[in-house]
Amino acid sequence: MTYAMDEIIRIVCEAVDSLRIERRPRALYEPVEYALACGGKRLRPTLTLLAYNLWRDDVREALTPALALETYHNYTLLHDDLMDNADVRRGRPTVHRRWDANTAILSGDAMLTYAMHLMTQVADRHLRPLVELLTVTALEVCEGQQYDMDFETRDDVTEDEYMEMIRLKTSVLLAAALKAGAVMADASAEDIANLYAFGDKLGLAFQLQDDYLDIYGDPATFGKRIGGDILCGKKTFMLINAMRLADADQRAELGRLLASQPEAEAEQEAKIAAVTHIYNILGVADIAKERMHRCYEEAMGSLERVTADDTRKAPLREFASRLMTREK
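The structure contained in this document is the topic of the report that follows. In this text the structure is predicted, and so the values were computed from the model without any measurement.

## Let's talk about the overall build of the protein
Across its full length, the protein holds 15 helices and 2 strands. For the protein, the C-alpha radius of gyration of 20 Å lies close to 20 Å, the compact-globule estimate for 328 residues. Judged by the C-alpha coordinates and their principal axes, the protein covers about 60 × 50 × 35 Å. With 328 residues in all, the protein has 52% of them scored as buried. Within the protein, contacts between residues at least 6 apart in sequence are counted, and of these 74% link residues at least 24 apart. Carbon together with sulfur atoms contributes 51% to the accessible area of the protein, which is approximately 15,300 Å² in total. If the 40 positive side-chain charges of the protein are averaged to one point and the 55 negative ones to another, these points end up 3 Å apart.

In C-alpha cells form, the structure reads like this:
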C-alpha cells in the first residue's frame, strides 16, 4: 500500500500531538510537551514514514524513530530560541519566555535525552544503526551551529564554507530522517545511501530557497519579516556572493549598511532596500536560484537511483516539489 503524502502527514501529526511523557516532575516535562505542541511542518517524521513506505506497507511501524527525530528537532529549536533570545516560536511565546532560561536549558536537556530514549525503543536489529544515526547527526548539527556562530565575526566566509554550514545545520537531519525510514524497512546499503543523498541535497536547496525568500519572498505569505537576515547582518548565500562580486565602493557600502543598527521602522526598511538594491545590481538572486535548482536536480537524481517501485516514489517527489514551491 502506497500512502498519499497528506495521509502520512495526518498520521505524523496525530502521533506527535498524542505524545505524552509519563514521568515526573511535571515542571520538567511540561515545557517539553509545550514545545512539541507548537506545530510546525513536521517535515522530518514525514520523511521517515515516506522512506519506510518505499518498501513496507504499515508506516506506523516507523513512528518510533520518526518521533525521536521530531523530538530532537524541536529540542534544537528550543535551545536556538534561547541562544537567539527569541520571543516567539510559531505564534506562541518561546519556552524561556513562557517559563525562564533555566527551565529552557534543563527541559531542553531532558528533551534531547528523551529523543535518545525513544530511539532505543526500536527492534534490536535496528537499534545500533539508528542510535548511531541520531548521535552522529546531533553532533553534526552542533558543528553546524558553531560554524554559524563563528561566521558572525568573520568577513571572509566562502561559499563552500557556507554550504557546509547549512548542510550540517539543516540537511543532515532531513537526510537522517530518510535514512531512519530506510533502515526500519531493511533497505539495501546502496538504497540507504541514495536516500541520504536525496535528503542532503534537498536540504541544501531548501535552505538556499529560505535565503532567497528572505529578500524576495512575498511579505503576505513568507511568515517572517522580509529582510530579516539583512537587519541581523547574517552571513547568507546572498551576502557572501554579493561581497565576492562587489567592487571596492559596493563592498564598502555593504559594510557600512550592515554595520548600521537602525531602530526606527522607516530606517530599517531603508537599510533593507539599499542592500537589496546592491544585490539586484550584482545579480546574486540569479546565482542563488541557479545553485538552488542544481541542488534540487541532484537530489532528484539520487531519488531516481533508489531501487524501490517507481510508483512508491511519487509521494517523495510530491514532498520535494511542495518544499521547493513554498512561499513561506
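## Describing the pattern of salt bridges
Under the criterion given, the structure shown has 25 salt bridges. Taking the shortest distance from any N to any O, the salt bridge between Asp87 and Arg97 comes out at 2.6 Å. Of this pair, Asp87 sits in the loop between helix 4 (63-84) and strand 1 (88-89) while Arg97 sits in helix 5 (residues 95-98), and the two are 10 residues apart along the sequence. On the basis of relative accessible area, Asp87 is assigned to the partly exposed category, the value being 45%.

## Focus: helix 8 (residues 159-184)
Over its 26 residues, helix 8 extends 36 Å from the first C-alpha to the last, a length consistent with the 38 Å expected when each residue adds 1.5 Å. At Ser171, helix 8 shows its maximal bend, which comes to roughly 45 degrees. With 19 of its 26 residues buried, helix 8 lies for the most part within the structure. Just downstream of helix 8, Asp186 is the residue with a positive phi angle, here 60 degrees.

## Focus: the packing of aromatic side chains
Overall, the coordinates contain 4 aromatic pairs when judged by the stated rule. Ring plane angle 85 degrees and centroid distance 5.1 Å describe the contact between Tyr34 and Trp99, whose orientation is recorded as edge-to-face. Within this pair, whereas Tyr34 is found in helix 2 (residues 26-36), its partner Trp99 is found in the loop between helix 5 and helix 6 (101-119), the two being separated by 65 residues in sequence. Judged by centre distance (5.7 Å) and plane angle (45 degrees), the rings of Tyr72 and Tyr75 are tilted. Remark: Tyr75 and Tyr72 occur in helix 4; sequence separation between them is 3 residues, near one turn of the helix. Taken individually, Tyr72 and Tyr75 each receive the classification buried, so the pair is uniform in this respect. A cation sits over an aromatic face here: Arg92 above Tyr34, 4.0 Å from the ring centre. The side chain of Arg98 reaches across the aromatic face of Trp99, ending 4.5 Å from its centre.

## Thoughts on the nonpolar core
Residues Leu49, Leu195, Phe198, Leu202, Tyr279 and Leu316 are the most contacted members of the largest nonpolar core, which totals 105 residues. Ranked by the residues each element gives to this core, the list is headed by helix 8, at 15 residues. Each residue touching Leu49, except ones within four places of it in the same chain, is listed here: Ile8, Ile11, Val12, Val59, Ala62, Leu63 and Ala66.

## Some points on the packing of helix 1 (residues 5-17) against helix 15 (residues 314-324)
Helix packing geometry: the angle between the two helix axes and the distance between the axes. Taken N-terminus to C-terminus, the directions of helix 1 and helix 15 make an angle of 80 degrees; their axes are 9 Å apart at the nearest point. As judged from the angle between their axes, helix 1 and helix 15 are roughly perpendicular. For the pair helix 1 and helix 15, the contacting residues are Met5, Asp6 and Ile9 in the first and Pro315, Glu318, Phe319 and Arg322 in the second. Residues that form the contact of helix 1 with helix 15 fall into these classes: 4 nonpolar, no polar and 3 charged.

Analysis parameters
Residues numbered from 1 in each chain as written. Predicted model: local features only at pLDDT ≥ 70, side-chain atom pairs only at ≥ 80, totals over all residues. Heavy atoms only, no water. Helix = DSSP H or I, 4+ residues; strand = E, 2+ residues; numbered from the N terminus. Rg over C-alpha atoms; globule rule 2.2 N^0.38 Å. Buried < 20%, exposed > 50% of the residue type's maximum accessible area, 1.4 Å probe, protein only. Contact = heavy atoms within 4.5 Å. Areas by Shrake-Rupley, 256 points an atom, 1.4 Å probe, with all protein chains shown as cover. Lys, Arg positive; Asp, Glu negative; His and termini not counted. Charge placed at Lys NZ, Arg CZ, Asp CG, Glu CD. Salt bridge = Lys/Arg side-chain N within 4 Å of Asp/Glu carboxyl O. Expected span 1.5 Å × (residues − 1). Bend = angle between axes of the 7 residues up to and from the residue. Phe/Tyr/Trp six-rings, centres within 6.5 Å; stacked < 30°, edge-to-face > 60°. Lys NZ or Arg CZ within 6 Å of the ring centre and 35° of its normal. Core = buried A, V, L, I, M, F, W, Y, C linked by side-chain atoms within 4.5 Å. Axes fitted to C-alpha atoms, helices over the stretch in contact; angles between N-to-C directions. Parallel < 35°, antiparallel > 145°, perpendicular 65-115°, else oblique. Nonpolar A, V, L, I, M, F, W, Y, C, P; charged D, E, K, R; others polar.

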